[in-house]
Amino acid sequence: ATSLPWGIYKEENESIKKAENILNKGHYGLEKVKERILEFLAVQILNKENKGSIICLVGPPGVGKTSLGRSIAEATNRDFVRLSLGGIQDESEIRGHRRTYIGAMAGRIVQGIADSSSANPVFLLDEIDKINKKNYDGDIEGVLLEILDPDQNKRFRDEYLEIEYDLSNIIFLATANDLSKISEPLKSRMEIIHLESYSLEQKVEIAKKYIIPSINKKIASKLVFEDDILRYIIENYTNEDGVRKLKTILMKIYGKI
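In this report, the structure presented in the accompanying data block is examined. Keep in mind the model is a prediction, meaning the values are calculated, not measured. (Residues numbered from 1 in each chain as written. Predicted model: local features only at pLDDT ≥ 70, side-chain atom pairs only at ≥ 80, totals over all residues. Heavy atoms only, no water.)

**Some points on the overall build of the chain**
Defined as follows: Going along the chain from the N terminus, every DSSP run of H or I of four or more residues is numbered as a helix, and every run of E of two or more is numbered as a strand. The size measure is the radius of gyration over C-alpha atoms, and the globule rule it meets is 2.2 Å times the number of residues to the 0.38 power. For each residue, the accessible area found with a 1.4 Å probe, counting protein chains only, is set against the maximum for its type, and the residue is called buried under 20%, exposed over 50%, and partly exposed in between. By the convention used here, residues are in contact when the closest approach between their heavy atoms is within 4.5 Å. Accessible surface area values rest on a Shrake-Rupley calculation with a 1.4 Å probe, where residue burial reflects the displayed protein chains alone. Asp and Glu count as negative and Lys and Arg as positive, but His and the ends of the chain are not part of the count. For charged residues, the charge sits on one atom: NZ in Lys, CZ in Arg, CG in Asp, CD in Glu.
When you go through the chain residue by residue, the secondary structure sums to 10 helices and seven strands. A compact globule built from 257 residues should have a C-alpha radius of gyration of about 18 Å, and the chain, at 20 Å, falls within 12% of that. Projected onto the principal axes, the alpha-carbon positions of the chain cover approximately 60 × 45 × 35 Å. Among the 257 residues that make up the chain, the fraction classed as buried is 46%. For the chain, restricting intrachain contacts to residue pairs at least 6 apart in sequence, the fraction spanning at least 24 positions comes to 75%. Carbon and sulfur atoms make up 49% of the accessible area of the chain, which totals about 13,500 Å². Counting 38 positive and 40 negative side-chain charges, the chain places the centres of these two groups 5 Å from one another.

Next comes the structure, spelled out in structure tokens:
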């Protein structure tokens, strides 16, 4: 409990223009998605008490859902915390174990906040569609509903802490690959934003403007790829909606060179 950032809040960026520049710097295209995120941030700035809206970014792997979460944190000048929900088996992993339990520890929500340096981070609930609804102890979905409810999360109780902790200053985001696997009660708590697959030309632009400059910077290289070469790589060596595999293949090419 003493390692939690009680009452420590990072000063938020309240410039939408600055937030827009950060989103544009980190993400090619996605104009409607970025516009909706900026509207969301504008409402947060104008109405400090409006903490009801939770964004859920839905789309195939590799289209930039998690990196958008990081960009939202950077755009708001908040810390970033990510919790992968895939594979979580029971409620106590999120809410914490009672101290009488052997090997008891705080839940992943409180651990994430403790790792952050402030009580108002952007907290990404990654792969919310992968929560294990069968063969688990307790109600994982019930805990998530409580966390995402602005009327309840002011008094979130971690079983290990044995005291209430206020989660209402946190911006919660979620990501999902498959919307059909999210229950209606959870869906009703969130505003769904769809990220589409990238076209061939969009992938070429992403490689040129983001991936290749990033690799060049890391290894002090000045390598340039022609558009035709990038199209050839994408069409013959990747079969994906996003650009994750493309990045891996480009790294291999750098290695060969």
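From this point, things continue past the structure.
**Some points on the environment of isoleucine 16**
With respect to the element layout, isoleucine 16 can be found in helix H1 (residues 16-26). Spatially, the C-alpha atoms of isoleucine 16 and isoleucine 45 are 9.1 Å apart, while their sequence positions differ by 29 residues. In this structure isoleucine 16 touches Leu38, Leu41, Ala42 and Ile45, once residues within four positions along its chain are discounted.

**A look at the pairing of strand E6 (residues 171-176)**
Where we set the bar: By the convention used here, strands pair only if DSSP detects at least 2 bridges between them.
Along E6, six of the six residues are buried, which leaves the element largely enclosed by surrounding structure. Relative to E6, strand E1 (residues 54-58) is paired through four bridges, and the arrangement is parallel. Residue pairing in the sheet places leucine 57 in a bridge with threonine 175 of E6. Across four bridges, the pairing between strand E3 (residues 122-126) and E6 is parallel. From the neighbouring strand, valine 122 faces E6, where its bridge partner is isoleucine 171.

**A look at the pairing of E1**
Counting buried positions along E1 gives five out of five residues, so the element sits mostly inside the fold. By the alternation rule, side chains of E1 split into Ile54, Cys56 and Val58 and Ile55 and Leu57, which are all buried. Two strands pair when backbone bridges link them, and E1 and strand E7 (residues 190-194) are joined in this way by five bridges, in the parallel orientation. Following the sheet pairing, valine 58 is matched in E7 by histidine 194.

**Let's talk about unusual backbone geometry**
Generally, phi is negative for residues other than glycine and the peptide bonds are trans, each holding for most cases. One non-glycine residue with positive phi stands out, namely asparagine 77, at about 60 degrees. Assignment of secondary structure puts asparagine 77 in the loop between helix H3 (65-76) and strand E2 (80-84). The backbone of alanine 220 shows a phi angle near 55 degrees, a positive value even though the residue is not glycine. Tracing the backbone shows alanine 220 in the loop between helix H8 (200-219) and helix H9 (227-237). By relative accessible area, which is 75% here, alanine 220 ends up exposed.

**So, the packing of aromatic side chains**
The following threshold applies: Pairs were defined over the aromatic rings of Phe, Tyr and Trp, the Trp ring being its six-membered one, requiring ring centres within 6.5 Å. Orientation was assigned from the angle between planes: stacked under 30 degrees, edge-to-face over 60, tilted for the rest.
In total, this model carries three aromatic pairs according to the counting rule given. Seen from their ring centres, phenylalanine 123 and phenylalanine 172 are 5.6 Å apart, and the 40 degrees between their planes marks the pair as tilted. Of this pair, phenylalanine 123 sits in strand E3 while phenylalanine 172 sits in strand E6, placing them 49 residues apart in sequence. The pair phenylalanine 123 / phenylalanine 172 is uniform in exposure class, with both members buried. Ring centres of phenylalanine 225 and tyrosine 254 lie 5.9 Å apart, and the angle between their planes is 45 degrees; on these two criteria the pair is classed as tilted.

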